[in-house]
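Read off the chains here:
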Amino acid sequence: MELLFTALTALFSFVYMFLVAKLMGHRQIAQLDSFDYITGITVGSIAAELATELEEPLKPIIAMAVYGVLAVAVSRFTLRYQRSRKYIEGTPTILFHNRKLYRENLKKARIDLSEFLALCRQQGYFDLSQIYTAVFEHNGALSILPLEPDRPATPRDLQLEPQQTTFPTEVIMEGRVLGENLKRMGKEETWLKEQLKSQGFRSPKEVFLALCDQNDQLTCYRPEEA
């Protein structure tokens, strides 16, 4: 009986932590600043305690609820009062500008030259002479503004006006036709089967993934073995 209760509390802690994470929003995953990092570690520790707490499970439940409410409250507070962000989330720091490295700002960001150069390489810049400004964001990412001669050319530079592209739509996944997506595109399964037949597929079950773009071009992928 005790083992069953342990399994149930572990399952409940998993579901409860998932709900708290959803309540706290995607920032918890995608943009970890210091506050999100601390909150994530604490909520995870409380959830682990909840999974094995058999005598008084209400205590970790309340603690997780408090942290979830605090995270949401702080997020809404910073949205309403913009000036508070620099105290809670931090502010961007200029590390490099117009061929000048700022030593004090590097110390403030707590990164050394080798780490800075590694961050630049991750952005595709192996030569600092190609960079005009490098800003260290509050979430730990490095934003780079390249010099004009070294930035990628755009269609506007070439005086072109290309058609706006959109995301391709999944119409088949793992051999299953996604009828809702087809309907949203104004297509029917008969059209899909004709397209598959023209590409040598006898049935949608032979297709691992099929994508349809804005020009009604169907791209199919077979389920290849590793």
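Here, the structure is the one placed above.
A quick note: this is a predicted structure, and the numbers were derived from the prediction, not measured.

The rules behind the values
- Residues numbered from 1 in each chain as written.
- Predicted model: local features only at pLDDT ≥ 70, side-chain atom pairs only at ≥ 80, totals over all residues.
- Heavy atoms only, no water.
- Buried < 20%, exposed > 50% of the residue type's maximum accessible area, 1.4 Å probe, protein only.
- Helix = DSSP H or I, 4+ residues; strand = E, 2+ residues; numbered from the N terminus.
- Pairing = 2+ DSSP bridges.
- Contact = heavy atoms within 4.5 Å.
- Axes fitted to C-alpha atoms, helices over the stretch in contact; angles between N-to-C directions.
- Phe/Tyr/Trp six-rings, centres within 6.5 Å; stacked < 30°, edge-to-face > 60°.
- Lys NZ or Arg CZ within 6 Å of the ring centre and 35° of its normal.

Caption draft 1: Broad picture of the pairing of strand β3 (residues 131-136). Judged by how many residues are buried, β3 sits mostly within the fold: five of six residues are covered. Bridging between β3 and strand β4 (residues 142-146) involves five bridges; their strand directions are antiparallel. Across the sheet, the residue bridging to I131 is P146, located in β4. Hairpin connection from β3 to β4: five residues lie between these consecutive antiparallel strands, with G140 at a positive phi of about 95°.

Caption draft 2: Structural view of the sheet that holds β3. Taking strand neighbours across the sheet as the criterion, the four strands line up as β2-β1-β3-β4 in an open arrangement whose pairing is antiparallel. The sheet is open, and its two borders are formed by β2 (100-101) and β4, each paired with just one other strand. Relative to β2, strand β1 (residues 93-97) runs antiparallel, the two sharing two bridges. Across the sheet, H97 pairs through a bridge with K100, a residue of β2. On top of the sheet, helix α7 (residues 113-122) reaches β1, β2, β3 and β4; it is set at about 65° to β4, its chief contact.

Caption draft 3: Geometry of the packing of aromatic side chains. Scanning the model with the defined rule gives zero aromatic pairs in all. Cation over ring: K187 sits above W191, and NZ or CZ is 5.0 Å from the ring centre.

Caption draft 4: Structural view of the sheet that holds strand β7 (residues 209-212). The sheet built from four strands is open, its strands ordered β6-β5-β7-β8 with antiparallel pairing. Taken across any chain shown, the strands that pair with only one partner, and hence form the sheet edges, are β6 (176-177) and β8 (218-221). Of the pairings in the sheet, the one linking strand β5 (residues 169-173) to β6 comprises two bridges and is antiparallel in character. When the sheet's bridge partners are listed, I172 is paired in β6 with V177. Against the sheet, helix α9 (residues 189-198) touches β5, β6, β7 and β8, its axis set at about 65° to β8.

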